[in-house]
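Notes for the structure review
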Amino acid sequence: MNDFWKQIDTYAKQWVREAGAMIKDSFSKELLIQTKSNPNDLVTNMDQEVEQFFISKIKGTFPNHRILGEEGYGEKIETTEGVIWVIDPIDGTMNFVHQQRNFAISVGIFENGVGQAGFIYDVVHDELYYALKGHGAYMNDIKLPKLEPVSIEEAVISLNATWVTENKRIDPSVLSPLVRRVRGTRSYGSAAIELAYVAAGRLDAYITMRLAPWDFAAGKVLIEEVGGVVTDLKGEPLQILNRSSLFVGKPGLHENILSTYLSGN
Ligand code: IPD
Ligand code: CA
Ligand code: CA
């Protein structure tokens, strides 16, 4: 690992843990909750404060790096040149508000469009998942093994129940046969946690119809580092600055589900 990425790795881990401590402290304080695009799209003062915290740290240390953050305190980014930090200060805000668990801080760092580093911090479980491209993926100090193929019948996959009921993004008949065939389904309500769990082998695949760059930036780096496959629902590579559907999974399983259930949709 060269000194540049070693330095980024050290700072990112330090800031993610500091931000986690700020979030934990907020549990004993009153939370200001507002809605964004619809009554279920929540944002709190902590989402905003944590994003602002990252921006001041990054700009103070790496003034040339650009930042794309969910809450909009970063920049308007239209090209992938240079180093870009893609930040979701709290992924799983609904869980944060309702459960005080099952949410994570997600930080993905790209250079000229290539994912180089990913950090997903499950604050309450104190689990920091991280990867640097070419240097393996870890959960705290434990190296995550390469993902091995698994059959559909033995797979535990993550998806939201919305996608097998009437919705405007996918016909429910596409995924319901898959849901019946797999060993089990799960839904955690935080894309970042679901992606970290695929990287850690706790889930075999994760399927969702619409995510933003800050939801998947870090998870993409983590999963690719352990040999998992990251695409959109059509099997195409993700565009890092665009919203997209997402289908990630173990090697073999990903191809199998894609060709049996998803091709043509
Ligand atoms: C949301 C979570 C959720 C996913 C949504 C995201 P947020 O992020 O990741 O699991 O289904 O699409 O928007 O709003 O809590 O940061
Ligand atoms: Ca999110
Ligand atoms: Ca968020």
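Thresholds applied
All residue numbers refer to position in the chain's written sequence, counted from 1. As they are written, the chains are lettered A onward and the ligands numbered 1 onward, keeping that order. The predicted nature of this model means local features are confined to residues of pLDDT at least 70 and side-chain atom pairs, given and counted, to a pLDDT of 80 or more, with totals for whole chains, interfaces and linings taken over all residues. Side-chain measures were taken over the full set of non-hydrogen atoms in the model, leaving aside hydrogen atoms and water. Each helix corresponds to a stretch of at least 4 residues labelled H or I by DSSP, and each strand to a stretch of at least 2 residues labelled E; elements are numbered beginning at the N terminus. Exposure classes here rest on a 1.4 Å probe applied to the protein chains alone. A residue is buried below 20% of its type maximum, exposed above 50%, and partly exposed in between. A donor here means an N, O or S atom no more than 2.8 Å from the metal, or no more than 3.2 Å when the metal is Na, K or Ca. Since water is not included, a site may seem to lack partners. As a rule, the C-alpha atoms of each element are fitted with a line to give its axis, helices using only the stretch in contact, and angles between N-to-C directions run from 0 to 180 degrees. We call two directions roughly parallel when the angle between them is under 35 degrees, roughly antiparallel when it is over 145, roughly perpendicular when it lies between 65 and 115, and oblique otherwise. Two residues form a contact once any of their heavy atoms are found within 4.5 Å. As a working rule, the residues Ala, Val, Leu, Ile, Met, Phe, Trp, Tyr, Cys and Pro are called nonpolar, Asp, Glu, Lys and Arg charged, and the rest polar, with Gly in that last group. Segmentation of the chain into domains, including their bounds, is taken from an automatic or database domain assignment. Using a 1.4 Å probe, buried area is obtained as the accessible area two parts lose upon being combined, added over both of them. Put simply, a salt bridge is a Lys or Arg side-chain nitrogen that is within 4 Å of an Asp or Glu carboxyl oxygen. For the purposes of these results, a polar contact is taken to be a pair of N or O atoms within 3.5 Å, where, inside protein, one atom must be able to donate a hydrogen and its partner to accept one; residues adjacent in sequence count only when each atom of the pair is a side-chain atom.

Next up on the list: unusual backbone geometry. Even without glycine at this site, Gln 100 takes up a positive phi of about 55°. Residue position: Gln 100 is located in the loop between helix 3 (93–99) and strand 5 (104–111). One non-glycine residue, Asp 126, adopts positive backbone phi at about 50°. The class for Asp 126 is partly exposed, based on a relative accessible area of 35%.

To continue, consider the coordination of the calcium ion (ligand 3). Surrounding the calcium ion (ligand 3) are the protein donor atoms Glu 70 (OE), Asp 88 (OD) and Ile 90 (O), which sit 2.2 to 2.3 Å from the metal. Here the donor residues of the calcium ion (ligand 3) share one chain and are spaced in sequence as E-x17-D-x1-I. Relative accessible area serves as the criterion here: at 0%, Asp 88 is assigned to the buried category.

So, on to the packing of helix 4 (residues 172–181) against helix 7 (residues 253–262). Here helix 4 crosses helix 7 at 130°, and the two axes come no closer than 10 Å. One finds that helix 4 runs oblique with respect to helix 7. In this structure, helix 4 uses Val 174, Leu 175, Pro 177, Leu 178 and Arg 181 to contact helix 7, whose residues at the interface are Ile 257, Thr 260, Tyr 261 and Leu 262. For the contact of helix 4 with helix 7, the residue count by class is seven nonpolar, one polar and one charged.

Before going further, it helps to examine the domain arrangement of the chain. Looking at the assigned domains, one finds that the chain contains domain 1 (3–143) and domain 2 (152–262). Put simply, the middle of domain 1 and the middle of domain 2, counted by C-alpha atoms, are 21 Å apart. In this assembly, 39 residues from domain 1 lie in contact with 22 residues from domain 2. Around 2200 Å² of area is buried between domain 1 and domain 2 when both sides are counted, 70% of it from carbon and sulfur atoms. On inspection of domain 1 and its partner domain 2, the count reaches one salt bridge. For the salt bridge of Glu 127 with Arg 202, the shortest nitrogen-to-oxygen distance reads 3.2 Å. The interface formed by domain 1 and domain 2 includes nine residue pairs in polar contact (both at pLDDT 80 or more). For the side of domain 1 that touches domain 2, the secondary structure elements donating two or more residues are strand 3 (66–69), strand 4 (83–91), strand 5, strand 6 (114–122), strand 7 (127–132) and strand 8 (137–139). Broken down by class, the residue content of the side of domain 1 that touches domain 2 amounts to 17 nonpolar, 15 polar and seven charged.

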